[in-house]
Amino acid sequence: MEEELISKKELLERTGISYGQLYRWKRKKLIPEEWFIRKSTFTGQETFFPKEKILARIEKIKQMKDDLSLDELANMFSPNPAAITLHRDEVIKRNIVTKVTMQFYMEQKGEQHTFSFNELLQLYILDQLLQTGEISLEEGKGVFDVFEQHYSAFQGRSCELLFVRKMGISICLLVASGNDVYVEEKAKIIVRLHVPTCVEQLKLLVSEG
């Protein structure tokens, strides 16, 4: 599941941004350091980027930079949680998650009226996966377990959520972004989700209210 890359030259041509803008946005942490990938080519060392992620990020920066300062944008794109709590009714009213996912969360965790950002993130990720049909409700318990036990270990570092399934049995993993993952022949990676992208989407949703 190797990501397609785009060269710096092609990126600048395709997006219409300058070399100076690209590196200014990097300095301001709008574009993660880990997306700048140095590779040897026949012309020497060149910089490449994960194509899908960098194109989506630059498009978003261009759309939002007139309304938000670069520091506000950097906070939006940061993998760190937002300092926010939302009431259960507000979460449903704003369509952050569906009632089905909320109900399932309550069945697993007990009745709850307010949610921290990290709790909302678990709900949001599970809701996205259920809506695409990639995992079942029963498998969704793995999202809660792995986040509760291990997400704090990343402390704002970029990570990915993986579901691996073999012969109908699935396991849920959190791994540091950018790492290669190899599974045995009969096992299949059914989900590979970039958690900071979910954090970013959720921050936008909770700030819209």
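Residues numbered from 1 in each chain as written. Predicted model: local features only at pLDDT ≥ 70, side-chain atom pairs only at ≥ 80, totals over all residues. Heavy atoms only, no water.

S.K.: Any chance you could explain the sheet that holds strand 6 (residues 159-166) here in plain terms?
M.R.: The strands that make up a sheet pair up through hydrogen bonds in the backbone, lying either parallel or antiparallel. Here 3 strands make up an open sheet; going across it, the order is 7-6-8 and the pairing antiparallel. Of all the strands in the sheet, just strand 7 (169-176) and strand 8 (188-194) have a single pairing partner and so form its edges. Strand-to-strand twist of the sheet, defined as the mean angle between neighbouring strand axes without regard to direction, takes the value 20°. Across the sheet, helix 8 (residues 137-150) is in contact with strand 6 and strand 7; its angle to strand 7 comes to roughly 30°. (Pairing = 2+ DSSP bridges. Helix = DSSP H or I, 4+ residues; strand = E, 2+ residues; numbered from the N terminus. Axes fitted to C-alpha atoms, helices over the stretch in contact; angles between N-to-C directions. Contact = heavy atoms within 4.5 Å.)

S.K.: I keep staring at the nonpolar core and nothing clicks. Help me out?
M.R.: Taken as a class, soluble globular proteins show a tendency for nonpolar side chains to be buried jointly. Among the nonpolar cores identified, the biggest contains 38 residues, and Ile-125, Phe-147, Leu-161 and Val-195 are the most heavily contacted of them. Tallying contributions element by element places helix 7 (residues 117-132) first for this core, with 8 residues. If we ignore the near neighbours within four places in the chain, the residues touching Val-195 are Leu-121, Ile-125, Phe-147, Tyr-151, Cys-159, Glu-160, Leu-161 and Leu-174. Ranked by size, the runner-up nonpolar core spans 22 residues in total, among them Trp-25, Trp-35, Phe-36 and Met-76. (Core = buried A, V, L, I, M, F, W, Y, C linked by side-chain atoms within 4.5 Å. Buried < 20%, exposed > 50% of the residue type's maximum accessible area, 1.4 Å probe, protein only.)

S.K.: Got a minute to help me understand helix 8 in this structure?
M.R.: Helical geometry note: an α-helix holds 3.6 residues per turn, so side chains three or four residues apart project in the same direction. The end-to-end C-alpha distance of helix 8, which contains 14 residues, comes to 21 Å, matching closely the 20 Å that a straight helix rising 1.5 Å per residue would cover. Tucked inside the fold, the buried residues of helix 8 contact helix 6 (99-109), helix 7, strand 6, strand 7 and helix 9 (195-207). (Expected span 1.5 Å × (residues − 1).)

S.K.: Help me understand the packing of helix 3 (residues 51-64) against helix 4 (residues 70-77), please; the structure alone is not making it clear to me.
M.R.: Each pair of packed helices can be summarised by the angle the axes make with each other and by the distance between the axes. Running from N to C, helix 3 and helix 4 point in directions that differ by 140°, and their axes come no closer than 11 Å. Compared by their axis directions, helix 3 and helix 4 come out oblique. In the packing of helix 3 onto helix 4, the handedness of the crossing is right-handed. Side by side, helix 3 and helix 4 meet where Arg-57, Lys-60, Ile-61 and Met-64 of the first sit next to Leu-73, Met-76 and Phe-77 of the second. Within the contact of helix 3 with helix 4, the residues separate by chemical class into 5 nonpolar, no polar and 2 charged. (Parallel < 35°, antiparallel > 145°, perpendicular 65-115°, else oblique. Left-handed = near helix turned anticlockwise from the far one by under 90°. Nonpolar A, V, L, I, M, F, W, Y, C, P; charged D, E, K, R; others polar.)

S.K.: Please explain helix 2 (residues 19-27) as it appears in this structure.
M.R.: Within helix 2, burial applies to Leu-22, Tyr-23 and Trp-25. Seen end-on, helix 2 carries its buried residues on one side only, within an arc spanning 155°. As for helix 2, its buried residues are in contact with helix 1 (8-15), strand 3 (44-50), helix 3 and helix 4. Following helix 2 by one or two positions, Lys-29 adopts a phi angle in the positive range, close to 70°. (Arc of directions from axis to C-beta.)

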